[in-house]
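Examination of the molecular architecture
These are the residues of each chain, in order.
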Amino acid sequence: MAEQLGELSRTHTCGALRPGDVGTEVVLLGWVHRVRDLGGVLFVDVRDREGVTQVVFDAGAATMAKAKRLRSEFVVGVAGAVRRRSAETVNPKLDTGEVEVAVRELTILNEAKTPPFPIADDTPVSEEVRLRYRYLDLRRGRLQANIGLRHRITATIRRYFDAQGFWDIETPILTKSTPEGARDYLVPSRVHAGEFYALPQSPQLFKQILMLSGMDRYVQICRCFRDEDLRADRQPEFTQVDVEMAFARPTTIFGVIEPLMAEVMSVIGVTLARPFRRMPYSEAMAVYGTDKPDLRPGMPIQDIREVFRASSFRVFRDIVAGGGTVRGFVVPDSGATSRSEVDGLVDEAKALGGSGLVWARRGEDGTITSSVMKAVGEADVTRMLDATGTGQGQILLVAAGEPDAASKLLGQLRLNIARRRGMLKADHWEFVWVVDFPLLEWDAEARRYLAMHHPFTSPVDEDLDLLEREPGRARAKAYDLVLNGTEIGGGSIRIHDAGLQARIFSLLGITPEEASLRFGFFLEALEYGTPPHGGIALGLDRIIALLLNESSIREVIAFPKTAAAVDLMAGAPSAVDRRQLKELHLA
């Protein structure tokens, strides 16, 4: 039977005791981590979130009979004196490993069933079992460390923004559905039959309204909701650091966020070099094949079309003449790559959707070989190697075709090679701002333009005259912050002029009537003196997962959903009582 806490009061956490505490009377409260019964002496590790301390029940102790009942995960209180461990029993793996507590009083505050998986050991457990028993999973050391780091980073973010003059302002959770991109989660209204609230995909319109309300600098660590297909870095509900500033240019945003990220990285002992690199979207796509470039492995994609503009190799010459390109990247230290491995890269490129892959190698002795030596000739192969700086003991991989397609193929191949070769170091941090995104993207199926970010993003000033003539060429005042190939934040300078907003809606095929229905309150607000403004949203879950080298954001969220958006612990979603449905006017 469980005993009561009574007057028992913790004096130290289970990670606090050191040799300087020897001789002190202490009280520890926590869970039984391990029990080692050596017959006359019983050793018990007691754990809380701060660490583990060994407590000892000596032979003949009055508490020994009760101590013999202890099992893993019992909740206990122990009182006793701190003493130094003998030299041969010191545990260097524990911060408390030089001391132990000789127990004179034991209180069993609660017993525990045998857990479905070990808590003390980080043994592999299926994700389904871990999420079903999340309250036990959260007791394990790795997850406790993850959640602890999340707390420290969140506290750092709050302190930073307060010092920078930002106000932390809450925005509504029950709001209007303005579908754009992912699906909304809808909440039926009981008092307004047949009408619905939506859970916010982001506080976008509200934070813009705060700027025209004169709040000047806003921040919120907020929950957002998107009913979309899930991946390792997505959840139906997630947390973002939402920021907006009046009278902002992109450089204003960069000047706030870069020092913030330096503060965040300092929590894990990393010093960042600033300013971060800035890369136009067009360069990111051409040189890395993605708008989320991972700069760690090097191996930039190079354009070598000039080598083949007048080449005797008709295939590449015709591609270049037709507006296509020839691009490639150099794999360093690849002299020992076997022919079968090179052929495997060709097969891999085809599996990635490429029509083919050409390779050329300069051996350690300077000998040149290539998969197209006969068709291209040694002179053009040599020019290709020289143009890309391919040195001895290096391989050049080449693809030709439509520019974006060629770079995307090479970009995927580049990352696959880097991953296999251990070039994506977890302790190497490469931040980059991707800027000058296209304002619009063409949807061939819908036969209309869509906003690449969202419809409130401002065009670049010098591209305003393209909106009616060549809207597809217009660039946006949009920017993404990318860390090690993962987008961790995205934002833009917003449209603050009602007339320009109407032009953008027209380009997107949104009629005035539809705009009024979906965004009427916001469009009216724009007409009451709106300052230029802009902001960014940073994905808190993604950032913490990256810092911990976790492959899924589920490992840094206390109570995540499965890939099927199910809470296995609480059993959500679930059916509800018919009476509730009737009250909500639902059949």
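Presented here is a report on the structure given in the accompanying data block.

Calculation criteria
- Residues numbered from 1 in each chain as written.
- Predicted model: local features only at pLDDT ≥ 70, side-chain atom pairs only at ≥ 80, totals over all residues.
- Heavy atoms only, no water.
- Pairing = 2+ DSSP bridges.
- Helix = DSSP H or I, 4+ residues; strand = E, 2+ residues; numbered from the N terminus.
- Contact = heavy atoms within 4.5 Å.
- Axes fitted to C-alpha atoms, helices over the stretch in contact; angles between N-to-C directions.
- Left-handed = near helix turned anticlockwise from the far one by under 90°.
- Nonpolar A, V, L, I, M, F, W, Y, C, P; charged D, E, K, R; others polar.
- Buried < 20%, exposed > 50% of the residue type's maximum accessible area, 1.4 Å probe, protein only.
- Patch = residues over 30% accessible without salt bridge, like charges linked within 9 Å, V, L, I, M, F, W, Y side chains within 5 Å.
- Areas by Shrake-Rupley, 256 points an atom, 1.4 Å probe, with all protein chains shown as cover.
- Salt bridge = Lys/Arg side-chain N within 4 Å of Asp/Glu carboxyl O.
- Phe/Tyr/Trp six-rings, centres within 6.5 Å; stacked < 30°, edge-to-face > 60°.

Attention now goes to the pairing of strand β18 (residues 440–443). Bridge count for β18 against strand β19 (residues 448–451) is four bridges, and the pairing is antiparallel. Across the sheet, residue Trp442 finds its bridge partner in β19, namely Tyr449.

In this structure, Arg134 sits in helix α3 (residues 134–137). Among residues more than four places away in sequence, those in contact with Arg134 are Leu143, Arg554, Ile557, Ala558, Phe559, Pro560 and Met569.

In the contact formed by helix α4 (residues 141–163) and helix α6 (residues 250–266), the axes pass within 10 Å of each other and the chain directions differ by 145°. Crossing hand, α4 versus α6: right-handed. Of α6, the residues touching α4 (which contributes Ile153, Thr156, Ile157, Tyr160 and Phe161) are Gly255, Val256, Ile257, Pro259, Leu260, Glu263 and Val264. Broken down by class, the residue content of the contact of α4 with α6 amounts to nine nonpolar, two polar and one charged.

This part covers the sheet that holds strand β6 (residues 167–168). Ordered in space as β6-β9-β10-β22-β21-β20-β17-β11, the eight strands form an open sheet in which the pairing is mixed. Lying at the two open borders of the sheet, with one neighbouring strand each, are β6 and β11 (277–280).

This brings us to unusual backbone geometry. Following Arg274, the chain continues to Pro275 via a peptide bond in cis, the omega torsion being 0°. Here Pro275 is to be found in the loop between α6 and β11. Unlike most non-glycine residues, Asp436 shows phi in positive territory, near 55°. Mapped onto the secondary structure, Asp436 falls in the loop between β17 (431–435) and β18. A relative accessible area of 29% places Asp436 in the partly exposed class.

Right, let's get into a nonpolar patch on the surface. Among the surface-exposed residues, Ile173, Leu174 and Tyr197 lie close enough to one another that they form a single nonpolar patch of about 250 Å² accessible area. Relative to the helices and strands, Leu174 is located in the loop between β6 and β7 (185–188). For Leu174, a relative accessible area of 45% puts it in the partly exposed group.

This part covers helix α7 (residues 281–288). Because each turn of an α-helix spans 3.6 residues, side chains separated by three or four positions end up pointing in the same direction. Within α7 the residues assigned to the buried category are Tyr281, Ala284, Met285, Val287 and Tyr288. Check the buried side of α7 and you find it contacts β11, α13 (403–420) and β17.

What follows is about the packing of aromatic side chains. Given two aromatic rings, their pairing is described by the distance between the two centres and the angle made by the two planes. Taken as a whole and assessed by the stated rule, the structure comprises 16 aromatic pairs. Pairing Phe456 with Phe519 gives two aromatic rings, centres 5.3 Å apart and planes at 90°, and the pair type is edge-to-face. Here Phe519 lies in helix α16 (residues 512–526) and Phe456 lies in the loop between β19 and α14 (466–469), a separation of 63 residues in the sequence. These aromatic residues form a ring-pair network of at least three members: Phe456, Phe505, Phe519 and Phe522.

Attention now goes to the sheet that holds strand β2 (residues 42–48). In spatial order, the strands read β1-β2-β3-β5-β4; together these five strands close into a barrel with mixed pairing. Each strand axis lies, on average, 55° off the axis of its neighbour in the sheet, ignoring direction. Strand direction decides the pairing type here: β2 and strand β3 (residues 51–57), joined by seven bridges, are antiparallel. Looking at β3, one finds that Asp48 is bridged to Gly51.

Moving on to the pairing of strand β16 (residues 394–401). Of all eight residues making up β16, seven are buried, and the element is well covered by its neighbours. Here strand β13 (residues 325–331) pairs with β16 via seven bridges, running antiparallel. When the bridges of β16 are listed, Phe329 appears paired with Leu397. In terms of strand pairing, strand β14 (residues 358–362) meets β16 through five bridges, oriented antiparallel. The residue of β16 that forms the bridge with Arg362 is Gln394.

By the element assignment, Leu481 lies in strand β20 (residues 478–483). Take Leu481: its relative accessible area is 0%, and that puts it in the buried class. Once the C-alpha coordinates of Leu481 and Phe166 are considered, the two residues, 315 residues apart in sequence, prove to be 20 Å apart.

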